[in-house]
Amino acid sequence: MLNLLIGEIKRTWIQFIRYPSEIIGGVVIITTVFYGLFVSAQYMAGSALNFGDRLDSVVVGYVLWTLALYIVNDIAFNIQAEAQTGTLEQLFLSPFPAPKIFFARAVASLALRMTIIILILFILMGITGSQLSFPLGLIFPLLTLLMGAYGLAFIMGSCALVFKRVQQILPILQFALLFLLAAPTEEWSGRARLIANFLPMLPSTGLLRGKDSGGSVSFRDQ
């Protein structure tokens, strides 16, 4: 398993250095979209717009949405690309079981994706002037968010294996994730809050935004 993981890390790194424009273009597009939304909101609201303490939540929610999209799209599109290029059969005929191969690829890709996400986060902090601190307590909700995202990613990967093409499903999922990860579900009450607690990634997102009702996690420096 260790040899497989090392091989997939090398494979991911080789793809990165051979096609850096894809990564650079993704960073530019993601930051530009956020900047466009941020400036548009300021222009439409005028002087009345004041994010206040919610600015940190907006930045964190957008970054978490980007991370979830990276994870979900990465696995689904890779499986679909393998099927289209005819290498998927070779993957299932390898000495390693297919689930282990997909898991090793997910771990190898996560190392690169997290680096990109951290870069995007610092760029957005510079654009908005947000000041975020990162307590060690954030590791646990981040891990649960990653597990939820990978669970959803493997579901989409399974759909790619069965239905072959999932290009129409992924955009719908992207907007659904944007609504769920951006909505202040930690402020909901009653039945809506109960439902949100059972949905994947939502409780973790609430903790990472630093707005949990217990107040145990905070992003802004005191």
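Refer to the preceding data block for the structure.
What counts, and at which threshold
Residues numbered from 1 in each chain as written. Predicted model: local features only at pLDDT ≥ 70, side-chain atom pairs only at ≥ 80, totals over all residues. Heavy atoms only, no water. Phe/Tyr/Trp six-rings, centres within 6.5 Å; stacked < 30°, edge-to-face > 60°. Helix = DSSP H or I, 4+ residues; strand = E, 2+ residues; numbered from the N terminus. Buried < 20%, exposed > 50% of the residue type's maximum accessible area, 1.4 Å probe, protein only. Expected span 1.5 Å × (residues − 1). Arc of directions from axis to C-beta. Patch = residues over 30% accessible without salt bridge, like charges linked within 9 Å, V, L, I, M, F, W, Y side chains within 5 Å. Areas by Shrake-Rupley, 256 points an atom, 1.4 Å probe, with all protein chains shown as cover. Salt bridge = Lys/Arg side-chain N within 4 Å of Asp/Glu carboxyl O.

Some remarks on the packing of aromatic side chains
Item 1. The full count for this structure, using the stated rule, is three aromatic pairs.
Item 2. Ring plane angle 35 degrees and centroid distance 5.4 Å describe the contact between W13 and F16, whose orientation is recorded as tilted. Taken as a pair, W13 and F16 lie in helix α1 (residues 2-18) at a separation of three residues, close to a single helical turn.
Item 3. Relative accessible area serves as the criterion here: at 23%, F16 is assigned to the partly exposed category.
Item 4. Look at Y62 and W65: their rings are 5.7 Å apart centre to centre, the planes differ by 50 degrees, and that puts the pair in the tilted class. Pair noted here: Y62 and W65 are both in helix α3 (residues 54-85), with a separation of three residues, about one helical turn. Across the pair, exposure class does not vary: Y62 and W65 are buried alike.
Item 5. An aromatic cluster is defined as three or more aromatic residues linked by ring pairs; in this entry it consists of F34, Y62 and W65.

Some thoughts on α1
Item 1. Along its 17 residues, α1 runs 24 Å from first to last C-alpha, staying within 8% of the 24 Å computed at 1.5 Å per residue.
Item 2. Regarding α1, the residues found buried are L4, E8 and T12. All buried residues of α1 lie within an arc of 70 degrees about the axis, which places them on one face of the element. Every exposed residue of α1 that faces more than 90 degrees away from the buried side is listed here: L2, N3, K10, W13 and R18.

Details of a nonpolar patch on the surface
Item 1. On the surface, L136, I139, F140, L143 and M147 cluster together to form a nonpolar patch covering roughly 590 Å² of accessible area.
Item 2. For L136, the position within the fold is in the loop between α5 (98-128) and α6 (139-163).
Item 3. Under the relative-accessibility criterion, L136 is labelled exposed at 69%.

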